[in-house]
Amino acid sequence: MEQMEIEKDLQTRELTLNMGPQHPATHGVLRLVLELDGETVIKCTPHVGYLHRGTEKLSENRTYIYALPLMDRLDYISSMSNDVGYCVAVERLFGIEAPERAKYIRTIMSEMTRISSHIIWLATHALDIGAMTVFLYSFREREWLIDLFEMTCGARLTVSYPRIGGVRCDVSREFLDSLYKFTEEFPKRIEEYETLIDQNRIWLQRTKGIGVISARDAVHCGLTGPTLRGSGVSYDVRKHEPYDAYPFVDFEVPVGENGDVYDRYRCRMEELRQSNRIIRQCIEKMPDGHILADDAPDLDMPPEGRKRLIPDMSLSHACISLSDECEHITPAGEFYSPTEVPKGELGFYIVSDGSGMPYRMRFRSPSFVHASALPRLCKGHMVADVIALIGTIDIVLGECDR
Amino acid sequence: MTLRDIAKKIFFLEIMKGLALTFRTMINHPVTRRYPKVKRDPFPGFRGRHAFVRDSETGREKCVACLKCSIVCPSRCIRIEYKETEGERILERYEIEALRCVFCGYCAEVCPVCALVLTEVYEYADYSREHFLFDRERLLKNWDDFSSGLKTDTYFNKFWRPEGIDIKRMPVGKRLQEPIPIKHEEKVL
Ligand code: SF4
Ligand code: SF4
């Protein structure tokens, strides 16, 4: 009798748990509000915006050239790719074609960024799930790549290296030699990472069958990059809308089958090998020549978007490049230009009114779209798996909040 | 389940393989550096603290107050005041707010007389904000600090005349720029 009365009073209630924004496993300042039934997630609501810096608005007040250093700060792990994406977009707007050599250099740089970004993804993802060793080893290879960035452009993370119409300075012989040595070493290193986690039973149990998303759902959510390809959809901007030197190199787009955390991991590991292949081909095929297009705008282009004066030898003209002989070069109109960054498809939607500054600039950042897929992925999983799921969609909050 | 699979399950083969790798790395040479004791030399062209090149003839900066650097600066952190006499600009005030700077190097690249440079100094943390407002004197002092630490006899920043860019695009001052000779003070024994 008493027993039944007690049981009548006992009820279970859902627990609302606030995860983040200062949680070490949320890869930045992502805040998730989880509704839990026991240990099972019933509902997950992501809140973004803690790292909002107004990059889109800031770039409206700058000419196309000065807005470039802002793009470094979108996804600070792969700043080179963002810059290349931005330059490709503005070049398409201006109708400038970068020289061959610059295209190859930019392709090399994008792929180096892809490797370093995927390495850091692997490191943090494995660390979240509990494999600490990979974290330590992968930073060794990343350091090599970042040293190479420093050798070329003088900065390690916020590179500002590409320029509208080419790149800022040429790569040196030592750079190419060292990078070639890297491409010879790197496949061995990938095998090392795989030895550590590929067959590890803890890793397999934490990743297989977790966060399954079907190809149809993935497309509907707007996922791109390896997160989409893990579900078996072969979509890659590098193949479908090639830019820079991608049409001239040979590479494959790896796809998964089941669309779970493990398949996405396999996809990214395979992409590391493909990026390595692309870099090798680019070094072998690297043409000679200039690295900046003749009609590329100068760094000191005035806001009206004028072409610079062709400098003559007299000193007074050489110092001051504002002149009546200039002509407007920024066309008006709006367009969208996608590029493939390590995280997925980074698109720039630019509305230009011909004034030399963008009237409106909008970024389609993969991290933002991927974060919006979290509720669907997390539903019905355990709390511990939420960490694995945040890792698998590979988000960087700097890019998500912009 | 084959015998192999069972053996794998019982003896934790895959974990043993991973551990073997870890132990191998233990006897390798470490790749890390003990930072404050062992310093890392940045590559030439590293974009660090700003400096004004000290002209060996006048002993002052070479800046001609053309304002190009303050125009290109994406974070708008360069402030310049000048007065104009007989068509010549005399620099009166020059300030860089280093705390707002994003170290893009555009100012050094655009300067027509190669007066400004981003040196390879990266350790300049300080306790007060005033020390990061670089005025003319401080910028010149930065150069002295930097050049006294140089091991070579000449210095040429790679952003003054970036390699691979058509030299016709550059103003005369940049085309003719020679590497700056560095005077090392004789060590008195
Ligand atoms: S490095 Fe860039 S942000 Fe810093 S002062 Fe020069 S132009 Fe401005
Ligand atoms: S660009 Fe050079 S010369 Fe012109 S104001 Fe700046 S430092 Fe002086």
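Residues numbered from 1 in each chain as written. Chains lettered and ligands numbered in written order. Predicted model: local features only at pLDDT ≥ 70, side-chain atom pairs only at ≥ 80, totals over all residues. Heavy atoms only, no water.

A.B. asks: Explanation requested: the overall build of chain B in the structure shown.
C.D. replies: In terms of regular secondary structure, chain B is built from six helices and seven strands. For chain B, the sequential pattern of α-helices and β-strands runs α-α-β-α-β-β-α-β-β-α-β-α-β. For 189 residues, the compact-globule estimate of 2.2 N^0.38 gives 16 Å, and the C-alpha radius of gyration of chain B, at 25 Å, exceeds that figure by more than 25%. Considered along the principal axes of its C-alpha atoms, chain B spans approximately 95 × 50 × 40 Å. Burial analysis of chain B (189 residues in total) assigns 41% to the buried set. Restricting the contact set of chain B to residue pairs at least 6 apart, pairs at least 24 apart contribute 70%. Accessible surface, chain B as shown: approximately 12,000 Å² in total, 57% of it carbon and sulfur. Positive and negative side-chain charges in chain B, numbering 35 and 28 respectively, have mean positions lying 10 Å apart. (Helix = DSSP H or I, 4+ residues; strand = E, 2+ residues; numbered from the N terminus. Rg over C-alpha atoms; globule rule 2.2 N^0.38 Å. Buried < 20%, exposed > 50% of the residue type's maximum accessible area, 1.4 Å probe, protein only. Contact = heavy atoms within 4.5 Å. Areas by Shrake-Rupley, 256 points an atom, 1.4 Å probe, with all protein chains shown as cover. Lys, Arg positive; Asp, Glu negative; His and termini not counted. Charge placed at Lys NZ, Arg CZ, Asp CG, Glu CD.)

A.B. asks: Sorry if this is basic, but what is going on with the site of ligand 2 here?
C.D. replies: Surveying the vicinity of ligand 2 reveals 13 residues, the closest of which are B:Cys63, B:Cys66, B:Leu67, B:Cys69 and B:Cys111. Across the shell around ligand 2, the residue classes break down as twelve nonpolar, no polar and one charged. (Near = heavy atom within 4 Å. Nonpolar A, V, L, I, M, F, W, Y, C, P; charged D, E, K, R; others polar.)

A.B. asks: Help me understand unusual backbone geometry, please; the structure alone is not making it clear to me.
C.D. replies: Where the residue is not glycine, phi is negative for most of them; where a peptide bond is considered, it is trans in most cases. All names here are of chain B. Located in the positive-phi region is leucine 67, a residue other than glycine, with phi close to 70 degrees. Its location among the elements puts leucine 67 in the loop between β1 (50–52) and α3 (68–72). Overall, the relative accessible area of 23% leaves leucine 67 in the partly exposed class.

A.B. asks: How should the domain arrangement of chain A be read in this particular structure?
C.D. replies: Often the size quoted for an interface is simply the accessible area lost on bringing the parts together. Each assigned domain of chain A is listed with its residue range as follows: domain 1 (2–45), domain 2 (54–95 + 97–294 + 331–392) and domain 3 (296–329). For domain 2 of chain A versus domain 3 of chain A, the separation of C-alpha centres amounts to 35 Å. (Domains from an automatic or database assignment.)

A.B. asks: Looking at this model, I keep getting lost on the packing of aromatic side chains. Mind explaining?
C.D. replies: The geometry of an aromatic ring pair is captured by the separation of the ring centres together with the interplanar angle, meaning the angle of the planes. Following the criterion strictly, the structure yields 19 aromatic pairs over all chains and no others. Ring geometry for A:Tyr262 versus A:Tyr265: centroids 5.7 Å apart, planes at 50 degrees, classification tilted. Pair noted here: A:Tyr262 and A:Tyr265 are both in helix α12 (residues 261–285), with a separation of three residues, about one helical turn. Each member of the pair, A:Tyr262 as well as A:Tyr265, is classed as buried. In this structure an aromatic cluster arises from ring pairing among B:Trp143, B:Phe146, B:Tyr155, B:Phe156 and B:Trp160. The lysine or arginine in question, A:Lys239, covers the ring of A:Phe251, its NZ or CZ lying 4.1 Å from the ring centre. In this arrangement the basic side chain of A:Arg268 is found over the ring face of A:Trp121, its NZ or CZ atom lying 4.5 Å from the centre. (Phe/Tyr/Trp six-rings, centres within 6.5 Å; stacked < 30°, edge-to-face > 60°. Lys NZ or Arg CZ within 6 Å of the ring centre and 35° of its normal.)

A.B. asks: It is not clear to me how the site of ligand 1 should be interpreted in this structure. Could you clarify?
C.D. replies: The environment of ligand 1 is formed by B:His50, B:Cys73, B:Pro74, B:Ser75, B:Cys77, B:Ile78, B:Cys101, B:Val102, B:Phe103, B:Cys104, B:Gly105 and B:Cys107. Tallied by class, residues from the shell around ligand 1 come to nine nonpolar, three polar and no charged.

A.B. asks: What is the right way to look at the interface of chain B and chain A in this model?
C.D. replies: Counting from both sides, the interface comprises 42 residues of chain B and, opposite them, 48 residues of chain A. If you sort the residues of chain B by the area they bury against chain A, B:Phe43, B:Tyr106 and B:Arg169 come out on top, with a joint share of 19%. Run the count over chain B and chain A and you get four salt bridges. One salt bridge in this structure joins B:Glu109 and A:Arg163, with 3.4 Å as the shortest N-O distance. On inspection of chain B and its partner chain A, the count reaches 15 residue pairs in polar contact (both at pLDDT 80 or more). Of all the elements, helix α2 (residues 13–27) of chain B adds the most residues to the side of chain B that touches chain A, at seven residues. Partitioned by chemical class, the residues of the side of chain B that touches chain A number 20 nonpolar, seven polar and 15 charged. (Buried area = accessible area lost by both parts, 1.4 Å probe. Salt bridge = Lys/Arg side-chain N within 4 Å of Asp/Glu carboxyl O. Polar contact = N/O pair within 3.5 Å; in protein donor to acceptor, adjacent residues only side chain to side chain.)

A.B. asks: What is the right way to read the layout of surface pockets from this model?
C.D. replies: Gaps between atoms show up when a probe of the same size as a water molecule is rolled over them. Computed from the structure, the largest pocket encloses a volume of approximately 820 Å³. The wall of the largest pocket is formed by 26 residues, among which A:Leu136, A:Arg140, B:Pro30, B:Val31 and B:Thr32 lie closest to the centre. Looking at the lining of the largest pocket, the elements with two or more residues in it are α6 (132–153) and α7 (173–197) of chain A together with α2 of chain B. The biggest single contributor to the lining of the largest pocket is α6(A), with eleven residues. Taken together, the residues of the lining of the largest pocket break down into twelve nonpolar, six polar and eight charged. (1 Å grid on protein atoms, 1.4 Å probe; cavity = no way out; pocket = protein on both sides within 12 Å on 5 of 7 lines; lining within 4 Å. Points joined across faces, edges and corners; volume = space filled by probe spheres on them.)

A.B. asks: Looking at this structure, I do not really get the confidence of the model for chain B. What am I missing?
C.D. replies: Across chain B, the average pLDDT comes to 80, with 96% of residues at or above 70. Interface predicted TM-score (ipTM) for the complex: 0.82; the corresponding pTM is 0.85. (pLDDT = per-residue confidence, 0-100.)

A.B. asks: Teacher, can you tell me more about the sheet that holds strand β3 (residues 40–47) of chain A here?
C.D. replies: Residue and element names in this part refer to chain A. Spatially, β1-β2-β3 is the arrangement adopted by the three strands of the open sheet, whose pairing is antiparallel. Looking at the sheet topology across the chains shown, the edges are occupied by β1 (15–19) and β3. Strand-to-strand twist of the sheet, defined as the mean angle between neighbouring strand axes without regard to direction, takes the value 20 degrees. Pairing between strand β2 (residues 31–37) and β3: seven bridges, direction antiparallel. For valine 33, the partnering residue across the bridge sits in β3 and is threonine 45. (Pairing = 2+ DSSP bridges. Axes fitted to C-alpha atoms, helices over the stretch in contact; angles between N-to-C directions.)

A.B. asks: Which parts of the structure should I look at to understand the sheet that holds strand β8 (residues 358–364) of chain A?
C.D. replies: Neighbouring strands of a sheet are bound in pairs by backbone hydrogen bonds; such pairs are parallel or else antiparallel. Residue and element names in this part refer to chain A. A sheet is described by the order of its strands in space; here three strands give the open sequence β6-β7-β8, paired in antiparallel fashion. For this open sheet the edge positions go to β6 (332–341) and β8, each flanked by a neighbour on one side alone. Each neighbouring strand pair of the sheet contributes to a mean axis angle of 15 degrees, computed without reference to strand direction. Sheet strands in contact with helix α4 (residues 79–94) are β6, β7 (344–353) and β8, and its direction is about 150 degrees off that of β6.

A.B. asks: Is there a simple way to explain helix α5 (residues 100–129) of chain A in this structure?
C.D. replies: Count 3.6 residues to each turn of an α-helix, and residues three or four apart come out pointing the same way. All names here are of chain A. Here α5 contains 30 residues, and its C-alpha end-to-end distance of 43 Å stays within 8% of the 44 Å for a straight helix at 1.5 Å per residue. Across the 30 residues of α5, 26 count as buried, placing the element largely inside the fold. Remark: glycine 130 follows α5 within two positions and exhibits a positive phi of approximately 125 degrees. (Expected span 1.5 Å × (residues − 1).)

A.B. asks: How should the environment of B:Tyr106 be read in this particular structure?
C.D. replies: Within the secondary structure layout, B:Tyr106 lies in helix α4 (residues 106–110). Residue classification places B:Tyr106 among the buried positions, given a relative accessible area of 1%. A sequence separation of 24 residues divides B:Tyr106 from B:Tyr82, and the C-alpha atoms of the two residues are 21 Å apart. If sequence neighbours within four positions are ignored, B:Tyr106 has contacts with A:Ile65, A:Leu68, A:Pro69, A:Arg168, A:Leu299, B:Val72 and B:Pro74.

A.B. asks: Looking at this structure, how should I read the nonpolar core?
C.D. replies: Across soluble globular proteins, nonpolar side chains have a tendency to be buried as a group. Ranked by internal contacts, the top residues of the largest apolar core, which has 89 residues, are A:Met112, A:Tyr161 and A:Leu179. At eleven residues, the largest contribution of residues to this core is made by α5(A). The residues touching A:Met112, leaving out its near neighbours within four places in the chain, are A:Leu145, A:Leu148, A:Phe149, A:Phe175, A:Leu179 and A:Ile279. The next biggest cluster of nonpolar side chains, apart from the first, holds 35 residues, and it includes B:Phe52, B:Val53, B:Cys69 and B:Leu139. (Core = buried A, V, L, I, M, F, W, Y, C linked by side-chain atoms within 4.5 Å.)

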